[in-house]
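# What the coordinates show
Here's the letter readout for the chains.
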Amino acid sequence: MEKKFYPKKIEEKWYKYWLENKTFSTKPNNNKPFTIVIPPPNVTGHLHMGHALNNILQDIIIRFRKLQGYNTLWVPGTDHGGIATQNIVEKLLKKEEGKTRYDLGREKFLQKVLKWRTKTSGAILDQLKKLGCSLDWDRVAFTMDESRSKAVKKAFIKLFNKGLIYRGKRLVNWCPRCVTALSDIEVEYEYEKSNLWYIKYPIINSKEYIVIATTRPETIFGDTALAVNPKDARYTSLVGKSVKIPLIDREIKIISDSIIDKSFGTGVVKVTPAHDITDNEIARRNKLEIIEIIDTNGKMINVPYIYQGLNVEEARKKVVEDLGVENLLLKIDNYTHSVGKCYRCSIKVEPLMSEQWFLNVRDMSKRAVEATNSEKIFFHPQSWKKPYILWLENLRDWCISRQIWWGHRIPVYYCVDEKGKQTNCKPIAAFDKPKECHYCKSKSFIQDEDVLDTWFSSALWPISVFNWGEDENNKELKHFYPTSVLVTGHEILYLWVARMVQFGIEFMKEIPYNNIFIHGIIRDRHGKKMSKSLGNVVDPLKIMDQYGTDALRFALAQAAAPGRDMQISNTSFLAARNFINKIWNASRFIILNLKEVGKLDNTIIQQPIELSDEWIMTEFINSAAKIKKDYESYNIDNAAREIYDFFWKKYCDWYIELSKIRMISTSLNIKKQVLSILVYILKSILQLMSPVIPFITSEIWQILNKNEKIIVESSLLTVPENFYNESSIEKMNTIKDIIMKIRTLRSEMNIPSTMQTEALFNTLGNNNNNKIEIIRENENYIKQLAKVKSIQFCKNITKPKNSAVIIIGDIEIFLPLEGFIDIVKEKIRLIKEITFINQEIEKITLKLSNENFIKKAPKTEIEKTKIRLNKAKLKVKKINENLNFLK
RNA sequence: AGGCAGUUAGCUCAGGUGGAAGAGCAUUUCUCUUACAAAGAAAAGGUCGCAGGUUCAAAUCCUGCACUGCCUACCA
């Protein structure tokens with residue numbers, strides 16, 4: 001323990017130790033469980049700052065609860081990441097072999113993905129280890145392993161048999177690039193500059209036109225009506241009439257629907273039910289025909305030959321051009337609107353008609369809302385509760401099928417006849433291919449081609465990790481479920497969190513967690529979201545190498561106010577690293593001194609014998625209570641700040657410095673006494689720090705207690721409440737104030753630090769024995785920290801020659817500074833102080849002369865103000881006296 | 001369009017229940033003082049977004065506005 005900089009090597013050493021000793025492996029025991037399931041990162045993923053933050057916060061919570069004696073469990077795992085993973089492997093396939101997944105076929109392609117995933121999935125888990133995460137590595141789960149697959153099938157079959165899962169042709173969000181349907185929340189909306197095209201539709205049997213405004217002229221071929229608001233007087237006479245669709249001359253009717261906004265565009269809307277959600281609803285209400293004109297690859301179909309096969313953009317250009325030629329384009333406005341994009345590939349989503357599987361979530365949502373309203377689930381911060389409930393209440397059925405290959409294949413089987421043709425029998429949901437159809441006795445079946453939305457398996461995560469799929473009455477599930485808290489960013493609140501609640505209630509009759517801790521997003525120092533395209537990504541692995549894992553953890557913890565985004569930059573990591581180093585060095589000081597006194601029974605705290613002892617104990621008791629409360633209420637940032645403040649500003653700056661007086665004592669007993677307190681507080685604060693900075697605290701703890709349990713497995717030391725002494729804080733403040741004022745003076749007078757001065761404490765009047773008593777008792781402190789060699793006490797003397805003065809209440813402190821005092825400087829200093837105090841006096845006098853203040857303010861407040869005024873007045877008087885003396 | 005946050009020192013942020021503006025980083029000055037120069041001591045730096053209101057008293061409570069960010073939405 002010689003080095004002045006803390007050794008980073010210990011991080012690897014300690015994690016290895018924890019792994020080898022299975023420190024984080026948990027079995028149900030008699031203690032109260034505290035459980036967290038990890039938000040499983042995608043197998044494709046590599047650790048970014050967001051992961052680091054998310055997992056560090058979980059780790060902090062788990063580690064703290066372990067210290068408190070809970071039966072803690074944090075379950076690790078990874079997600080198969082459906083579309084995202086398939087996309088990556090497809091790209092790789094194209095690059096390496098120039099092939100598409102169709103060239104390989106389903107089976108071979110899946111083998112390829114599996115092979116790839118075994119290669120990569122270890123990486124992210126190793127990175128979690130590097131972060132120090134106290135996950136139970138005996139329980140690594142994967143959303144597509146056997147047990148999780150069983151859970152998915154089981155859940156599907158239950159829902160299917162209950163009639164909640166159904167198949168139907170509906171308008172869905174479709175990604176033409178991923179060639180699959182997406183759920184409503186997998187679409188991200190972005191603003192885009194575009195145009196509003198005003199198109200003339202000729203009215204039948206008339207020379208008139210009716211003009212519509214649209215952002216999608218290419219979809220006119222799919223129009224099956226025009227719609228106006230029934231209350232729109234401009235058009236009432238036209239409702240019921242027919243118009244011709246430009247370029248194809250198909251006739252459609254003008255209808256009315258109250259959803260139409262009179263003030264938008266011309267107040268007339270072209271209705272394209274097959275490719276617009278609103279239009280689809282209008283069509284349903286008005287029983288309109290649905291004509292599909294865009295296929296699953298985003299190409300035009302069922303349109304005149306010249307447009308056939310064009311993609312949407314090309315078709316738009318051509319249609320606009322042709323409308324112009326026909327003189328049916330009235331005008332083009334600039335227009336900015338939001339367009340939906342695929343959350344996986346950012347390609348524009350096309351709403352289109354497609355046969356998909358849906359899950360009816362109405363009842364589940366209702367019960368999820370009830371659970372929140374009845375306060376079974378708490379949000380941290382609370383502000384997320386409202387949007388969460390609102391979302392659940394407006395939820396539409398969930399499109400759960402995807403037209404990709406990587407994922408849980410829908411466990412639905414259709415029976416086929418001898419010719420291999422699908423029959424009309426009811427499809428069957430089952431774990432395995434059925435033996436025989438109940439209806440037609442056919443023995444051959446085909447399985448549904450689609451796979452399930454990744455989030456379907458994620459929604460089962462809190463129960464599937466406890467092997468619900470295999471046995472829903474197993475001991476572990478009963479013990480660890482419901483889990484204690486879910487820690488997540490708000491970006492997957494709906495995608496994942498809400499659905500876990502729905503499924504938890506559905507399958508376990510109980511919510512999956514009691515608390516939802518939502519943290520913010522990490523931004524760069526300009527407040528921008530970190531993204532690859534912006535090139536502002538900070539790699540946590542690099543930060544760990546550069547500053548150490550503890551520093552990374554501390555910096556993130558300190559910034560993680562619930563629900564608030566955080567800006568983080570190198571200076572935060574630097575500051576954190578310096579703090580870690582401070583801990584190391586302070587511990588070195590104590591350990592070096594411990595060696596000198598030999599063995600110290602550090603389980604016994606000796607009685608505080610002087611002010612600083614009482615003070616640090618009292619401060620510690622206060623801080624410890626705050627830190628614990630902050631950990632428990634997910635205010636990790638506050639806990640980190642309190643730790644920093646207590647340890648550095650109180651323990652190091654004052655207590656350790658003051659302990660040196662006794663440390664240089666020749667009496668072993670005196671040394672032992674102060675060391676026992678130093679060690680007790682060090683050990684306790686190390687414990688309280690250890691959830692945030694597990695490595696350095698483990699190392700120091702072990703040096704302090706060679707034969708004891710490691711800090712991770714220790715129990716929090718009891719706080720000696722009987723040493724609490726409120727008055728010590730006030731007393732200590734008096735001493736600190738004096739020391740700081742002397743230091744300031746010395747600094748302003750440029751007194752060399754090597755020079756010790758004398759100090760005269762001059763008491764004014766008679767009624768201040770209390771304070772002077774405190775100073776008398778603790779004059780050592782002033783000598784030690786303010787570089788004062790001797791202190792004299794006197795009463796009502798006038799200022800000695802060549803000395804500077806400090807006035808604190810009714811005590812004057814004279815520092816004789818023969819040879820150092822600069823009379824001019826001292827004068828300027830005193831005058832400056834007087835002007836400052838005079839301003840204060842003015843303010844207070846004004847306040848006290850306010851009749852209403854005297855009448856209405858509480859008496860204590862008036863008293864306080866009066867005392868302040870008197871003190872200020874006295875100070876001015878004394879400074880003036882000193883000033884006169886200088887003349 | 002609606003909802004929710006935020007706006008305090010140059011930067012990043014603290015400031016339960018209203019009673020004299022706080023920290024870290026950066027800056028300046030001194031100090032390698034026997035745990036720590038990745039440190040210590042000190043200084044400087046603020047009309048608490050703007051405008052009203054409630055109150056004896058507002059950074060804090062209320063109303064409006066502005067800007068920033070996020071979420072939601074059937075913006076044709």
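Being a predicted model, the structure only gives us computed values, none of them experimental. (Residues numbered from 1 in each chain as written. Chains lettered and ligands numbered in written order. Predicted model: local features only at pLDDT ≥ 70, side-chain atom pairs only at ≥ 80, totals over all residues. Heavy atoms only, no water.)

### Notes on the sheet that holds strand β27 (residues 788–795)
With mixed pairing, four strands are arranged side by side in an open sheet as β27-β26-β29-β28. At either margin of the open sheet sits one strand with a lone partner, and together these are β27 and β28 (803–808). Geometrically, the sheet is characterised by an average inter-axis angle of 20 degrees between neighbouring strands, direction not taken into account. Here β28 pairs with strand β29 (residues 811–816) via six bridges, running antiparallel. In the strand pairing of β29, Val805 is matched with Phe814. Strand contacts of helix α27 (residues 859–886): β28 and β29, with the helix running at about 170 degrees to β28, the strand carrying the most contacts. (Pairing = 2+ DSSP bridges. Helix = DSSP H or I, 4+ residues; strand = E, 2+ residues; numbered from the N terminus. Axes fitted to C-alpha atoms, helices over the stretch in contact; angles between N-to-C directions. Contact = heavy atoms within 4.5 Å.)

### Let's talk about the protein's contact with RNA strand B
Neighbouring RNA strand B are 57 residues, the closest being Ile259, Asp261, Trp648, Lys856 and Arg868. Restricting the count to atoms of RNA strand B within 4 Å of the protein gives a sugar and phosphate share of 59%. Contact between RNA strand B and Trp648: a phosphate oxygen at 2.4 Å from a side-chain N or O atom of the residue. The separation between a sugar or linking oxygen of RNA strand B and a polar side-chain atom of Glu861 is 2.6 Å. Counting residues per element, the ones that place at least two in the surface near RNA strand B are β8 (209–214), β12 (268–271), β13 (329–342), α17 (570–597), α19 (636–663), α22 (726–748), α26 (851–856) and α27. The element best represented in the surface near RNA strand B is α17, accounting for ten residues. A per-class count over the surface near RNA strand B returns 21 nonpolar, 17 polar and 19 charged. (Near = heavy atom within 4 Å. Polar contact = N/O pair within 3.5 Å; in protein donor to acceptor, adjacent residues only side chain to side chain. Nonpolar A, V, L, I, M, F, W, Y, C, P; charged D, E, K, R; others polar.)

### Some remarks on the packing of aromatic side chains
Applying the stated criterion across every chain yields a total of 39 aromatic pairs. A centroid spacing of 5.9 Å and a plane angle of 70 degrees characterise the contact between Phe109 and Trp405, whose relative ring orientation is edge-to-face. Taken together, the residues Phe109 in helix α5 (residues 106–131) and Trp405 in the loop between β17 (401–402) and β18 (412–416) connect sequence positions 296 residues apart. Each member of the pair, Phe109 as well as Trp405, carries the same accessibility label: buried. Pairing Phe620 with Tyr680 gives two aromatic rings, centres 5.9 Å apart and planes at 85 degrees, and the pair type is edge-to-face. Linking Phe620 in helix α18 (residues 611–632) with Tyr680 in helix α20 (residues 668–689), this pair joins segments that are 60 residues apart in sequence. Take Phe620 and Tyr680: they sit in the same class, and that class is buried. The structure contains a cluster of three or more aromatic residues connected by ring pairs, namely Phe554, Phe579, Phe620, Tyr644, Phe646, Phe647, Trp648, Tyr651, Tyr655 and Tyr680. Cation over ring: Arg170 sits above Phe358, and NZ or CZ is 4.8 Å from the ring centre. Above the plane of the ring of Trp398 lies Arg499, whose end atom (NZ or CZ) is 3.7 Å from the centre. (Phe/Tyr/Trp six-rings, centres within 6.5 Å; stacked < 30°, edge-to-face > 60°. Buried < 20%, exposed > 50% of the residue type's maximum accessible area, 1.4 Å probe, protein only. Lys NZ or Arg CZ within 6 Å of the ring centre and 35° of its normal.)

### Concerning the sheet that holds strand β6 (residues 180–182)
The strand order across the open sheet built from four strands is β6-β5-β14-β16, with neighbouring strands paired in antiparallel fashion. If you trace the sheet from one side to the other, it starts and ends with β6 and β16 (398–399), each paired once. Both strand β5 (residues 165–175) and β6 contribute to a ladder of three bridges, which runs antiparallel. Residue pairing for β6: Asn173 is matched across the bridge by Leu182.

### Digging into helix α3 (residues 82–97)
Over its 16 residues, α3 extends 22 Å from the first C-alpha to the last, a length consistent with the 22 Å expected when each residue adds 1.5 Å. Buried within α3 we find Gly82, Ile83, Ala84, Thr85, Gln86, Asn87, Val89 and Leu93. Buried residues along α3 sit against α4 (101–104), α5, β6, β17 and α11 (454–459). Taken from the residues just after α3, Gly98 is the one with a positive phi, measuring 65 degrees. (Expected span 1.5 Å × (residues − 1).)

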